[in-house]
Amino acid sequence: MVQIPESAVLSPKAVAKTLSIWPDERLQRLLENRLDLHAETFPTWETLAKRFVLAKDALGAIYRADDSVRAIVEVCRLPPSPPTISEVQYRVGGNVDDGLLRDAIERMEELGLGLVVEDRVYIVGDLWRNPYPAGLGPPIVNLLALQTSRELNGILAKLKSAGFTVKSGTKPETISSIKLCLSNSATVLKIVERGPAGTMNLFERLLVEGDPSVRDFSRYFSDDTTSAVRYLAVHGIIGPSGQYSDLLVLPMEIGLAFRGGRPYLQGVVEPPHVATSPVESTKIDSSAASVAEQLVNEVALLLRAIEADRLEPLKSGGIRVKDLRRLAKLIGRTESDTSRLLGVAWFGGLVGRTGDGHLFCPTDLYDSWEHSSASERWAAIVGSWLGSGPEIGLVGVTDAAGKAIPPLVDLDYSGTLELSFRACAERLVEIGPHRMIDRASLDSYLCWRIPLARLLGGEAFLSPSALFYNAAELLGVVADGALSSFGHLALSQEMALAIERISSFLPKPTSSFLLGSDLTAVVDGNLAADIHRFLEQIADLESTGIVSLYRFSEASIRRALDAGHDGEEISKFLETYGTKGLPQTLAYLIKDITRRFGSIRAGEVSSYLNIADPALAAEVLRNKKLARLRLRALGPNVVVSQFDLSAVMDDLRSAGYLPVAESEDGKNLKDIRKKIRTDRNPRRRTVDIPASHAESISEFISHLRLDDPTPFLSAVEKPFSARGLLVRGRRSYSIFDDEDDDDDDDPELMEELERLWKDLDGFEG
Amino acid sequence: MTVGPVIVQSDMTLLLEVDHPEAAAARSAISPFSELEKSPEHVHTYRITPLALWNARASGIDAEGVVKALLQWSKYPVPPSLLLGIEEIISRYGRLRITMDETFGLCLVGSDRAVFEEVLRTKAVIPLLGNRIDEWTVGVRASERGRLKQALIKLGWPAEDEAGYVDGTAHDIVLRTDAFQLRPYQVQAAQAFADVGNGVIVLPCGSGKTLVGVAAMAQAASRTLILVTSAASGHQWRRELIERTYVGEDEIGEYSGQRKEVRPITIATYQILATKRKGVFSHMDLFGAEEWGLIIYDEVHLLPAPVFRMTADIQSRRRLGLTATLIREDNRESDVFTLIGPKRFDMPWREVEDQGWIAPARCVEIRVELTDEERMAYALAEPEQRYRVGSTARSKVAVVESIVRQARAQGEPILVIGSYLDQLEEIAKELDAPLITGSTTGVVRERLYQSFRDGKVELLVVSKVANFSIDLPDASVAIQISGGFGSRQEEAQRLGRILRPKADRRQAHFFTIVSRDTNDQEFARKRQRFLSEQGYAYEIIDAVDINSDGGLFDGDLD
């Protein structure tokens with residue numbers, strides 16, 4: 001823990017005063033960013049100011065801050081603190097545009113991270129614990145304190161033998177002495193220059209590349225005198241970041257000394273430029289629409305296959321590899337693409353698990369989705385995608401362990417992924433449609449906007465924009481690297497307009513197909529839903545794409561007959577919708593199957609009467625006392641009933657007959673598959689932000705302005721936590737953690753450090 | 001929005017709308033880099049395969065040309081990923097080349113270091129290579145040229161074979177152009193082969209593949225080895241050569257079970273080459289017996305495995321494969337591609353028919369109801385015997401008799417074709433017709449075929465020996481009473497027996513008699529698939545609907 005210089009402490013009074021003169025729009029933005037600030041029953045400027053200064057959620061908010069805001073927070077912690085705006089300007093790189101700097105400071109204020117009071121920039125107390133985004137390590141005292149007395153004495157000895165003045169004593173005294181020695185940049189330079197080959201190169205890398213650390217455990221403890229890492233470590237110029245860590249870090253003071261007293265050598269306030277170039281609009285929209293059309297068809301196909309084949313989940317979630325392969329073969333896509341399409345269905349809320357969890361099956365939503373138009377189906381999927389965030393883009397991605405993230409499971413992912421996804425969507429909306437976007441420059445922008453996104457690259461399996469693009473390309477939102485016009489509308493939450501727009505590019509549903517004598521049907525485009533449904537009952541899909549090919553077979557025709565259709569109905573359907581007529585071969589196939597269909601009849605009865613005398617059987621059938629049994633003759637000697645045996649026996653006896661019960665010797669039950677639906681899919685989320693937040697914030701501000709003493713009832717039931725928002729749903733699959741937990745510091749050590757921190761002001765810049 | 005006749009699917013199939021006014025032009029544009037898979041009446045399916053793309057690249061069509069053709073003729077926007085995929089596949093061709101170096105002999109030369117090194121370290125390739133010559137070149141064992149190409153194809157890095165061919169001993173073969181003219185497609189096919197010196201020509205039965213072979217021989221003008229399926233087929237080649245060229249009888253040798261003549265043009269059967277004596281293929285020496293400038297593989301889809309192996313050793317010879325159905329029941333199509341060569345030319349059957357070069361054919365499946373006794377016999381048969389029981393049902397005989405009676409009334413020459421000897425013997429006896437089977441001597445066979453050609457015999461009952469390469473130009477009715485399970489190529493070849501164009505341009509009739517509700521019916525459906533995909537619509541009728549007094553040939557069925 002770092003002690004806040006007294007001068008840098010933000011007073012609630014000053015905060016209240018400053019916030020009270022903010023316009024409503026700025027207050028609205030602050031409170032939207034920081035829902036925790038208005039969880040107050042009796043809101044006043046004072047209570048708001050206290051929350052602003054003390055709220056622990058500031059640390060959460062900084063994860064949503066871009067590089068420029070983080071840089072400002074960072075430089076505000078450097079002595080002297082608080083800095084003036086001019087000092088901030090110098091520290092973040094000097095030649096910084098005034099307007100951009102002011103905008104960045106405003107964004108910092110609206111995130112509740114700090115405030116400008118009387119031209120000085122303050123940051124809230126919690127941010128003094130923040131990590132070091134400028135590429136500066138922790139203070140030297142923190143690093144030295146983590147070393148053992150023996151190690152510190154070793155450093156002391158090395159510095160002494162090199163001719164520098166250092167004193168030994170208690171551990172804090174030794175640390176203080178080493179710190180003083182290394183606080184002089186000329187001393188450090190001398191030490192580095194005397195090091196083995198490569199020492200200067202390593203030192204320069206730690207200084208300027210943004211990462212002040214080097215990972216080297218074995219060398220640190222080896223006697224290898226040629227090791228630059230070991231040399232710097234034994235002279236105290238780099239130190240371990242933890243007691244057992246193999247990460248050696250350059251301390252902040254040394255970094256600052258060699259950067260001329262400012263953490264940023266180059267401007268970080270200006271966002272990196274995203275390079276774009278114009279592309280032909282019709283080409284992009286046509287291409288994207290074609291992808292979108294294919295998407296909805298393939299998702300529908302997968303869902304129908306899931307419904308027909310009873311897909312069982314693995315115990316660990318997800319589906320079996322063989323099932324995935326089968327589905328991939330069905331739609332003619334790779335397993336990776338199929339996984340992602342299943343992800344679309346899953347996170348789109350179209351497929352879920354049955355109540356007992358034993359099967360995957362379509363949801364209630366699927367039924368209405370299936371019967372909507374292609375453009376509406378597309379919009380529903382895209383809406384769910386925007387609501388759910390990066391999940392679809394993650395499915396099929398190979399994780400750090402080299403495993404592909406499976407479909408049909410809920411995902412646990414870091415808030416950084418969500419923030420990167422949202423930032424990417426926002427930037428694309430700003431850029432607009434029909435511009436080819438350079439992904440590398442977009443990634444640079446996203447790293448600036450969401451600095452933790454750089455860790456995604458560190459994980460070596462994702463670029464920040466990949467999360468968005470993986471799904472956007474699959475969904476037809478983006479084509480050939482450019483946003484489509486309807487994709488742009490969807491991202492701008494203009495879904496109705498997006499539907500209208502994409503409709504003009506999608507072929508109108510067709511109501512005809514070509515029947516071939518090779519027992520095939522060729523469907524060019526999308527069939528109207530009801531025609532499609534019927535055709536799928538009587539033929540098997542052989543290949544899919546812009547054109548779908550169906551094949552008729554004995555099994556497929558029999559399936560339709562099983563479903564209750566008759567041969568005449570099938571022939572009439574094909575004659576009606578098949579252009580160029582019904583080929584003789586197909587007509588014959590239908591006729592032939594129909595002829596054979598039902599030559600064996602099976603049914604379900606509860607009981608039967610086997611009556612040797614046909615005359616007696618006829619009498620039983622006509623007996624009015626037995627009418628309720630609804631007896632039916634299957635032959636001259638066999639009568640059946642839907643009532644159970646005991647009821648039949650009772651009624652026969654009541655009617656005066658002398659029946660004998662027979663033991664059951666097997667029955668042939670017809671397997672009737674029931675339509676299984678589930679409403680248990682918690683994944684589907686819509687893109688809309690609940691209006692209640694905006695309204696309640698507005699109401700909250702009104703109360704503040706009126707200084708109204710009546711209780712204010714917030715519509716937000718519990719304080720907002722950025723972390724809480726970002727980690728949602730049931731976690732069953734972990735991508736990676738948000739960030740290191742640094743709450744396990746030793747209290748005694750922290751106390752020592754706090755004392756030593758006070759000396760920081762005397763550091764030579 | 002484009003409105004071309006081709007629909008490009010993301011699975012790399014191309015669907016050509018046959019009725020589109022620009023279908024013909026589009027077909028010409030896409031066929032060099034795609035394989036015709038099926039051609040039913042409305043929509044023909046082509047598939048873009050790596051082999052087809054490399055084949056196109058070898059013929060000088062680059063990725064840009066392929067992409068341009070797709071974009072030009074596509075009805076809908078082409079998926080960009082597909083275009084990228086095509087470019088990637090094509091770019092794999094030619095990074096390795098097989099060349100002939102004056103000093104070092106046969107060499108493998110790389111132009112992409114990473115690929116070259118990867119390939120050189122592959123287990124399958126190492127034993128085929130000689131010494132490393134320099135950074136980019138390695139020697140290749142002369143005998144391993146074919147196997148190296150096979151191995152490289154499997155690795156996905158096809159080599160461009162620039163090592164050329166030996167010319168062989170020159171031998172003039174001149175066409176009698178004063179007596180006949182090659183048809184346009186025969187000229188195109190022969191030229192497509194001559195341009196590269198290897199490959200397969202696929203043309204329908206009866207469309208004159210032999211003449212394409214003869215034309216290729218004339219262009220090669222060198223000693224030629226012709227490999228055929230049977231001695232009868234060999235005789236047919238001999239007849240064609242004498243009739244269509246100025247080659248004399250004494251220049252043509254027959255290398256078969258009966259004779260072992262090696263002459264400038266030698267016709268050998270696959271059977272004799274594949275015959276082993278004391279564990280050795282003693283007749284394989286024939287490949288080295290002469291400096292052959294050209295080797296022709298007739299009915300290349302039937303090439304036996306030992307001949308494949310031998311073919312791998314003779315990659316420096318020009319090689320031409322001929323077939324009507326490039327379907328191998330053993331799925332060795334890629335070996336045909338690698339060792340004989342890629343498909344250089346093909347033409348849909350119906351297109352050849354439309355141009356009048358083969359007879360229009362009507363295909364009819366007649367379903368026969370089995371008697372109760374036959375149904376019981378079928379039901380009680382062991383599973384492995386069921387097909388035989390079903391397809392040899394006695395009930396078929398009456399149907400055959402009825403068709404023969406009606407065909408005779410029309411004056412049609414008839415072939416009855418089957419697979420089971422006892423069934424064929426019975427039918428031959430019932431119909432009082434001569435029977436040709438594997439045990440019929442060559443002399444008798446030839447005499448019967450000749451009698452049939454001369455019109456002295458109007459009905460022949462034949463076993464599968466007549467499936468291939470038997471030229472019976474006047475046969476116009478074929479009645480198939482049983483077949484080799486689900487063999488698609490056999491069905492097509494049998495139809496091919498009656499496809500020679502008739503002088504009066506009349507229709508040919510192909511009847512296949514099938515026992516209803518047995519697996520004969522199932523296998524029949526599988527057998528018909530190739531022809532169905534070529535646009536031959538099988539009409540299905542019930543045997544009971546055949547009027548005994550006629551109607552089968554004039555369409556007045558119920």
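Here, every reference points to the structure presented above.
Parameters and conventions
- Residues numbered from 1 in each chain as written.
- Chains lettered and ligands numbered in written order.
- Predicted model: local features only at pLDDT ≥ 70, side-chain atom pairs only at ≥ 80, totals over all residues.
- Heavy atoms only, no water.
- Helix = DSSP H or I, 4+ residues; strand = E, 2+ residues; numbered from the N terminus.
- Buried < 20%, exposed > 50% of the residue type's maximum accessible area, 1.4 Å probe, protein only.
- Contact = heavy atoms within 4.5 Å.
- Areas by Shrake-Rupley, 256 points an atom, 1.4 Å probe, with all protein chains shown as cover.
- Salt bridge = Lys/Arg side-chain N within 4 Å of Asp/Glu carboxyl O.
- Pairing = 2+ DSSP bridges.
- Axes fitted to C-alpha atoms, helices over the stretch in contact; angles between N-to-C directions.
- Left-handed = near helix turned anticlockwise from the far one by under 90°.
- Nonpolar A, V, L, I, M, F, W, Y, C, P; charged D, E, K, R; others polar.
- Phe/Tyr/Trp six-rings, centres within 6.5 Å; stacked < 30°, edge-to-face > 60°.
- Lys NZ or Arg CZ within 6 Å of the ring centre and 35° of its normal.
- Buried area = accessible area lost by both parts, 1.4 Å probe.
- Polar contact = N/O pair within 3.5 Å; in protein donor to acceptor, adjacent residues only side chain to side chain.

What exactly am I supposed to notice about the overall build of chain B here?
Counting its regular elements, chain B contains 21 helices and 23 strands. Out of the 558 residues in chain B, the part that is buried amounts to 59%. Taking all contacts inside chain B whose residues are at least 6 apart in sequence as the whole, residues at least 24 apart take part in 70%. On chain B, roughly 22,400 Å² of surface is accessible, and the fraction owed to carbon and sulfur atoms is 50%.

Explain the pattern of salt bridges to me, please; I cannot follow it from the model alone.
Side-chain pairs of opposite charge can arise where the charged atoms are in close proximity. Residues and elements named next belong to chain B. Taken as a whole and assessed by the stated rule, the structure comprises 65 salt bridges over all chains. Notably, a salt bridge pairs Asp 542 with Arg 516, separated by 2.3 Å at the nearest N-O pair. You can see Asp 542 sitting in strand 23 (residues 538–542) and its partner Arg 516 sitting in the loop between strand 22 (508–515) and helix 21 (519–533), a full 26 residues away along the chain. The residues Asp 542 and Arg 516 share a single accessibility class, namely buried.

Looking at this structure, I do not really get the pairing of strand 23 of chain B. What am I missing?
Residue and element names in this part refer to chain B. In terms of burial, strand 23 is a largely internal element, 4 of the 5 residues being buried. In the sheet, strand 17 (residues 361–368) pairs with strand 23 via 5 bridges, with the strands oriented parallel. Counted as the bridge partner of Arg 367 is Asp 542 from strand 23.

Would you explain the pairing of strand 15 (residues 547–551) of chain A in this entry?
Strand residues, when the strand is regular, have side chains that alternate between the two faces of the sheet. Residue and element names in this part refer to chain A. In terms of burial, strand 15 is largely enclosed, as 5 of its 5 residues are buried. Covered by surrounding structure in strand 15 are Val 547, Leu 549 and Arg 551 together with Ser 548 and Tyr 550, the residues of both alternating faces. With 5 bridges joining them, strand 13 (residues 520–524) and strand 15 adopt antiparallel strand pairing. Bridge pairing links Val 522 to Leu 549 in strand 15. Pairing between strand 14 (residues 540–543) and strand 15: 3 bridges, direction antiparallel. Residue pairing in the sheet places Leu 541 in a bridge with Tyr 550 of strand 15. With antiparallel pairing between neighbouring strands as the criterion, strand 14 and strand 15 make up a hairpin whose turn holds 3 residues, including Gly 545 at a positive phi of roughly 155 degrees.

Just to check I follow, could you spell out the sheet that holds strand 11 (residues 224–228) of chain B for this structure?
Adjacent strands of a sheet form backbone hydrogen bonds with each other and so pair up, either parallel or antiparallel. Residue and element names in this part refer to chain B. Reading across from one edge, 12-13-11-14-15-10-16 is the order of the 7 strands in this open sheet, with parallel pairing throughout. Where the open sheet ends on each side, the last strands, each with one partner, are strand 12 (252–255) and strand 16 (343–346). Within this sheet the neighbouring strands show an average axis-to-axis angle of 20 degrees, counted without direction. Across 4 bridges, the pairing between strand 12 and strand 13 (residues 265–269) is parallel. Each bridged residue has a counterpart across the sheet, and for Tyr 255 the counterpart in strand 13 is Ala 268.

Is there a simple way to think about the packing of helix 2 (residues 50–58) of chain B against helix 4 (residues 80–91) of chain B in this case?
The relative placement of two packed helices is expressed as an angle between their axes plus a distance between the axes. Residue and element names in this part refer to chain B. Running from amino to carboxyl end, helix 2 crosses helix 4 at an angle of 65 degrees, the nearest separation of the two axes being 9 Å. The two elements helix 2 and helix 4 meet at a crossing, and its hand is right-handed. The segment helix 2 lies against helix 4, with Pro 50, Leu 53, Trp 54 and Arg 57 engaging Ile 86, Ile 89 and Ile 90. Its residues placed into classes, the contact of helix 2 with helix 4 shows 6 nonpolar, no polar and 1 charged.

Before we go on, may I ask you to explain the packing of aromatic side chains in this structure?
The geometry of an aromatic ring pair comes down to the distance between the two centres and the angle between the two planes. Residues and elements named next belong to chain A. Applying the stated criterion across every chain yields a total of 16 aromatic pairs over all chains. Measuring from ring centre to ring centre gives 6.0 Å for Phe 468 and Tyr 469, while their planes differ by 70 degrees; the resulting arrangement is edge-to-face. A residue is classified by how much of its surface remains accessible, and Phe 468, at 0% relative accessible area, is buried. Members of the aromatic cluster, connected to one another through ring pairs, are Trp 385, Phe 421, Phe 468 and Tyr 469. Residue placement shows Arg 26 over the ring face of Trp 22; its charged tip is 4.0 Å from the ring centre.

Even after reading the chapter, I still don't get the interface of chain A and chain B, so can you show me in this structure?
How big an interface is tends to be reported as the loss of accessible area on association of its parts. With 31 residues of chain A in contact, the opposing surface of chain B contributes 32 residues. Both sides together, the interface formed by chain A and chain B hides about 2,500 Å², and carbon and sulfur atoms give 47% of it. Connecting chain A to chain B are 6 salt bridges. The partner of B:Asp19 in a salt bridge is A:Lys580, and the shortest N-O contact between them spans 2.2 Å. There are 14 residue pairs in polar contact (both at pLDDT 80 or more) connecting chain A and chain B. Of all the elements in the fold, those that place two or more residues in the side of chain A that touches chain B are helix 16 (281–309), strand 12 (513–516), strand 13, strand 14, strand 15 and helix 31 (584–596) of chain A. For the side of chain A that touches chain B, a count of residues per class yields 9 nonpolar, 11 polar and 11 charged.

How should the environment of A:Val638 be read in this particular structure?
Residue and element names in this part refer to chain A. Summarising the element assignment, Val 638 is placed in strand 19 (residues 638–641). On the basis of relative accessible area, Val 638 is assigned to the partly exposed category, the value being 30%. Each C-alpha atom, one on Val 638 and one on Leu 609, is 5.7 Å from the other, the two residues being 29 residues apart in sequence. Apart from the residues within four sequence positions on either side, Val 638 is in contact with Leu 609, Arg 632 and Ala 633.

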